[in-house]
Amino acid sequence: MEILLIRHGQSEADLLNVHEGSADYPLTEKGINQATRMASRVMKEFPPEYIWSSTQKRARKTAEILAEKTGCPIGYLRELREHDNGNLAGRSIEEVPFPWELHPHEKFGEFGESAMEFRARGEQVFAFIKEESKKYKRIAIVTHGGMISRIIDSFLCLPFVNNIYFKTDDTGIHLLEYTENVRVIKFSNNSTHLE
């Protein structure tokens, strides 16, 4: 089975320079254009049979654009949402820097998810999607940069606590494959559709 991991397009949070995470900002006009270009490319080069999507506005709209282009059904999963960053959500990055000093078990934004809780959610939702998608040859997962990184952690069987992050640009695509014998990363963070 092939798995397309696709990040949403540009959101209003990018323009406001705020912590996004669990804050639910919509796509900008540029983000809609990015998603439209991504969807055209996916339809032409590697159309999926089913789309799984986060319920947050920016990912949901990106998935809807992809579904319209490909004719695929969408399954929405709240568990695919971005890292719950508690009271950091929507706050200015200049005023409140990213909390790099937190230990893996410590909550983001006082009451959000810890890095370990976020990784566990990524593992769980990816296991669910794999099980529910067995009948498909190729699926797409439209979600967020942090969740994409957690899914790749799971795919690669990386240690539960690590300091590795897989960067994903707006509408960046990763293509993973489970074969009979190996797990293959065919490409990572490709956004040539925006060139």
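Look up a bit, the structure's there.
Residues numbered from 1 in each chain as written. Predicted model: local features only at pLDDT ≥ 70, side-chain atom pairs only at ≥ 80, totals over all residues. Heavy atoms only, no water.

**Q** Before we move on, could you go through a nonpolar patch on the surface and cite the residues and values that matter?
**A** Where nonpolar side chains cluster on the molecular surface, the patch consists of Met116, Phe160 and Val161 and spans about 240 Å² of accessible area. Positionally, Phe160 belongs in the loop between helix H5 (145–155) and strand E5 (173–178). (Patch = residues over 30% accessible without salt bridge, like charges linked within 9 Å, V, L, I, M, F, W, Y side chains within 5 Å. Areas by Shrake-Rupley, 256 points an atom, 1.4 Å probe, with all protein chains shown as cover. Salt bridge = Lys/Arg side-chain N within 4 Å of Asp/Glu carboxyl O. Helix = DSSP H or I, 4+ residues; strand = E, 2+ residues; numbered from the N terminus.)

**Q** An account of the packing of aromatic side chains is needed here, citing residue identities and associated values.
**A** If you walk through the whole model with that rule in mind, you get 8 aromatic pairs. One aromatic cluster is present, built from ring pairs that chain together Tyr50, Trp52, Phe128 and Tyr136. For Arg60, the ring lying beneath its charged end belongs to Tyr76, and the centroid distance is 3.9 Å. (Phe/Tyr/Trp six-rings, centres within 6.5 Å; stacked < 30°, edge-to-face > 60°. Lys NZ or Arg CZ within 6 Å of the ring centre and 35° of its normal.)

**Q** Before we move on, can you summarise the packing of helix H4 (residues 115–132) against H5 with the specific residues and values?
**A** Their axes nearest at 9 Å, the elements H4 and H5 cross at an angle of 70°. In terms of orientation, H4 and H5 fall into the roughly perpendicular class. Like other packed secondary-structure pairs, H4 and H5 cross with a definite hand, here right-handed. Two secondary-structure elements touch here, H4 through Phe118, Arg119, Arg121, Gly122, Glu123, Val125 and Phe126 and H5 through Gly146, Met147, Arg150, Ile151, Asp153, Ser154 and Phe155. When grouped by side-chain class, the residues that make up the contact of H4 with H5 number 6 nonpolar, 3 polar and 5 charged. (Axes fitted to C-alpha atoms, helices over the stretch in contact; angles between N-to-C directions. Parallel < 35°, antiparallel > 145°, perpendicular 65-115°, else oblique. Left-handed = near helix turned anticlockwise from the far one by under 90°. Contact = heavy atoms within 4.5 Å. Nonpolar A, V, L, I, M, F, W, Y, C, P; charged D, E, K, R; others polar.)

**Q** Give me the nonpolar core: which residues, what numbers.
**A** Residues Ile3, Leu5, Trp52, Leu80, Ile129, Ile139 and Ile141 are the most contacted members of the largest nonpolar core, which totals 22 residues. Mapped onto this core, the elements with two or more residues apiece are strand E1 (2–7), strand E2 (50–53), H4, strand E4 (138–143), H5 and E5. A per-element tally of this core places H5 first, with 5 residues. With near-sequence residues (within four places) excluded, Trp52 lies in contact with Gly75, Leu77, Leu80, Phe128, Ile129, Glu132, Ser133, Ile139, Ala140, Ile141 and Val142. One finds Leu4, Met38, Val42 and Leu66 within the second-largest nonpolar core, a separate group that totals 18 residues. (Core = buried A, V, L, I, M, F, W, Y, C linked by side-chain atoms within 4.5 Å. Buried < 20%, exposed > 50% of the residue type's maximum accessible area, 1.4 Å probe, protein only.)

**Q** Which residues make up H5, and what are the values?
**A** Each turn of an α-helix holds 3.6 residues, which means side chains three or four residues apart point in the same direction. For H5, the buried fraction is high: 11 of the 11 residues fall into the buried class. Listed in full, the buried residues belonging to H5 are Gly145, Gly146, Met147, Ile148, Ser149, Arg150, Ile151, Ile152, Asp153, Ser154 and Phe155. Considering only its buried residues, H5 is in contact with E1, H4, E4, E5 and strand E6 (183–190). Phi turns positive, to about 55°, at Cys157, one or two residues after H5.

**Q** Got a sec to walk through the pairing of E2? Specific residues and values, please.
**A** Burial along E2 is two-sided: Tyr50 and Trp52 facing one way and Ile51 and Ser53 facing the other are all buried. The sheet contact formed by E2 and E4 spans 4 bridges and is parallel. Across the sheet, the residue bridging to Tyr50 is Ile139, located in E4. Pairing of E2 with strand E3 (residues 74–76) involves 3 bridges; the strand directions are parallel. In the sheet register, Ile51 faces E3, and the bridge partner there is Ile74. Traced from E2 through helix H3 (residues 57–70) to E3, the parallel crossover comes out right-handed. (Pairing = 2+ DSSP bridges. Right-handed = clockwise from strand over helix to strand, strands pointing away.)

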